[in-house]
Amino acid sequence: MTKILLTLAVFSIFSTAFAQAGNDNVFMSGDKIFTLGKRSKSGEYKIDGDPYTNGKKFEKVSIEGYSNNIQDLRYNAYEDEMEFAKDNENYFVNKVEGLVIHFPTLNKTYIVKDYTYLGNKKFGYLVLLNKKDAKYGLFKREKVELIAGEKSPNAYGKDANDYFAKEKDLYLISIGSQFYKAPKSTDELAEQLSLDKKELSNFVKTNKINFNKEKDLVKLVDFINK
């Protein structure tokens, strides 16, 4: 009996050790959206500017469906990733379809979408501008590109560093998984979404909708959802 109990005790110790070792890459979260397996590499050489559309500061967030051990985040628009920090290193949050991340101080919400745009499959973060379960969705894609610095024309000059440059925001309207670039006119919108042109035109004129303004696009999409 003593030998059996000793064997069970040893087995229990080794089982616990292996279980802990298997979870070493999980950072304070059983849901595994915060892991240490995918590290940001954007700062490995000198680049002017930064890839963040909301600033470098890590912000408090709320994540729909999660309540424990939520990390402060920032959006890296060049990598299209949400970053968090651990031991002076930056890591990416695991992307999960439908993941909703809200930044209260920025009054801004991001959602991970698997969608089709211009015939191409996309999977990434979009800014959610209306209700996520609406028939017609409205989203904003933020993107930063990396521009190559110019070489000095002579040996005495200094080469310019590569630099980050923010692209113009792209507004998208969705129907299911199909996404379209937000239209620039009533005619285009009516044709794109098969809407009543006369009713739509009356609303646009009455409310002085400007297709180039985000707040007006939000108002317009709220109207067509009703």
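What you see is a predicted model; the values in this text were computed from it and never measured.

Novice: Can you walk me through the overall build of the chain in this structure?
Specialist: Helix and strand counts for the chain come out as 4 helices and 14 strands. Within the chain, the fraction of its 226 residues that count as buried is 36%. As displayed, the chain has an accessible area near 14,100 Å², and 50% of this comes from carbon and sulfur atoms.

Novice: Any chance you could explain the environment of Lys 95 here in plain terms?
Specialist: Inspection of the secondary structure puts Lys 95 in the loop between strand S6 (89-93) and strand S7 (100-103). Residue classification places Lys 95 among the partly exposed positions, given a relative accessible area of 25%. Setting aside its immediate chain neighbours within four residues, Lys 95 contacts Asp 80, Glu 81, Val 112, Phe 123, Gly 124 and Tyr 125. Looking at Lys 95, its side chain comes within polar contact range of the main-chain oxygen of Asp 80, at 2.9 Å.

Novice: Hey, could you run me through unusual backbone geometry in this one?
Specialist: Backbone phi values are negative for most residues with the exception of glycine, while trans is the configuration of most peptide bonds. Despite not being glycine, Asp 87 has its phi angle at roughly 55 degrees, a positive value. With respect to the element layout, Asp 87 can be found in the loop between strand S5 (81-86) and S6. Classification of Asp 87 by relative accessible area gives exposed; the value is 63%. Look at Leu 118: it is not a glycine, yet its phi comes out positive at around 55 degrees. Mapped onto the secondary structure, Leu 118 falls in the loop between strand S8 (108-117) and strand S9 (120-128). The exposure class assigned to Leu 118 is exposed, which follows from its relative accessible area of 66%.

Novice: Please explain the pattern of salt bridges as it appears in this structure.
Specialist: Oppositely charged side chains are able to pair whenever their charged atoms sit close together. Within the structure shown, the criterion is met by 12 salt bridges. Between Arg 74 and Glu 83 there is a salt bridge; the shortest N-O distance is 2.8 Å. Each member of the pair, Arg 74 as well as Glu 83, is classed as buried. We note a salt bridge from Glu 167 to Arg 141, for which the minimum N-O separation is 3.7 Å. You can see Glu 167 sitting in the loop between strand S12 (162-166) and strand S13 (170-175) and its partner Arg 141 sitting in strand S10 (residues 136-141), a full 26 residues away along the chain. The exposure class of Glu 167 is partly exposed, given its relative accessible area of 22%. Arg 141 gets classed as partly exposed once you look at its relative accessible area, which sits at 22%. Among the charged side chains, a salt-bridge network with shared partners connects Asp 80, Glu 81 and Lys 95.

Novice: Teacher, can you tell me more about the side chain of Thr 109 here?
Specialist: In this structure, Thr 109 sits in strand S8. Beyond its immediate stretch of four places on either side in the chain, Thr 109 contacts Val 100, Ile 101, His 102, Leu 126, Val 127 and Leu 128.

Novice: What's the story with helix H2 (residues 186-193) in this structure? I'm lost.
Specialist: Residue pairs spaced three or four apart in an α-helix point in one direction, given the helix's 3.6 residues per turn. Looking only at H2, the buried set comprises Thr 186, Leu 189, Ala 190 and Leu 193. Down the axis of H2, the buried side of the element spans an arc of 95 degrees, and every buried residue falls inside it. Summarising the contacts, the buried residues of H2 are in contact with S10, S13, helix H3 (197-206) and helix H4 (214-225). Just past H2, the residue Ser 194 takes up positive phi, approximately 55 degrees.

Novice: Help me out: how do you make sense of the packing of H2 against H3 in this one?
Specialist: Between two packed helices, both the angle of their axes relative to each other and the distance between the axes serve to describe the pair. At a closest axis distance of 10 Å, the pairing of H2 and H3 adopts a crossing angle of 140 degrees. In terms of axis orientation, H2 runs oblique to H3. Read as a crossing pair, H2 and H3 show a hand that is right-handed. For the pair H2 and H3, the contacting residues are Thr 186, Asp 187, Leu 189 and Ala 190 in the first and Lys 197, Leu 200, Ser 201 and Val 204 in the second. For the contact of H2 with H3, the residue count by class is 4 nonpolar, 2 polar and 2 charged.

Cut-off values and rules
Residues numbered from 1 in each chain as written. Predicted model: local features only at pLDDT ≥ 70, side-chain atom pairs only at ≥ 80, totals over all residues. Heavy atoms only, no water. Helix = DSSP H or I, 4+ residues; strand = E, 2+ residues; numbered from the N terminus. Buried < 20%, exposed > 50% of the residue type's maximum accessible area, 1.4 Å probe, protein only. Areas by Shrake-Rupley, 256 points an atom, 1.4 Å probe, with all protein chains shown as cover. Contact = heavy atoms within 4.5 Å. Polar contact = N/O pair within 3.5 Å; in protein donor to acceptor, adjacent residues only side chain to side chain. Salt bridge = Lys/Arg side-chain N within 4 Å of Asp/Glu carboxyl O. Arc of directions from axis to C-beta. Axes fitted to C-alpha atoms, helices over the stretch in contact; angles between N-to-C directions. Parallel < 35°, antiparallel > 145°, perpendicular 65-115°, else oblique. Left-handed = near helix turned anticlockwise from the far one by under 90°. Nonpolar A, V, L, I, M, F, W, Y, C, P; charged D, E, K, R; others polar.

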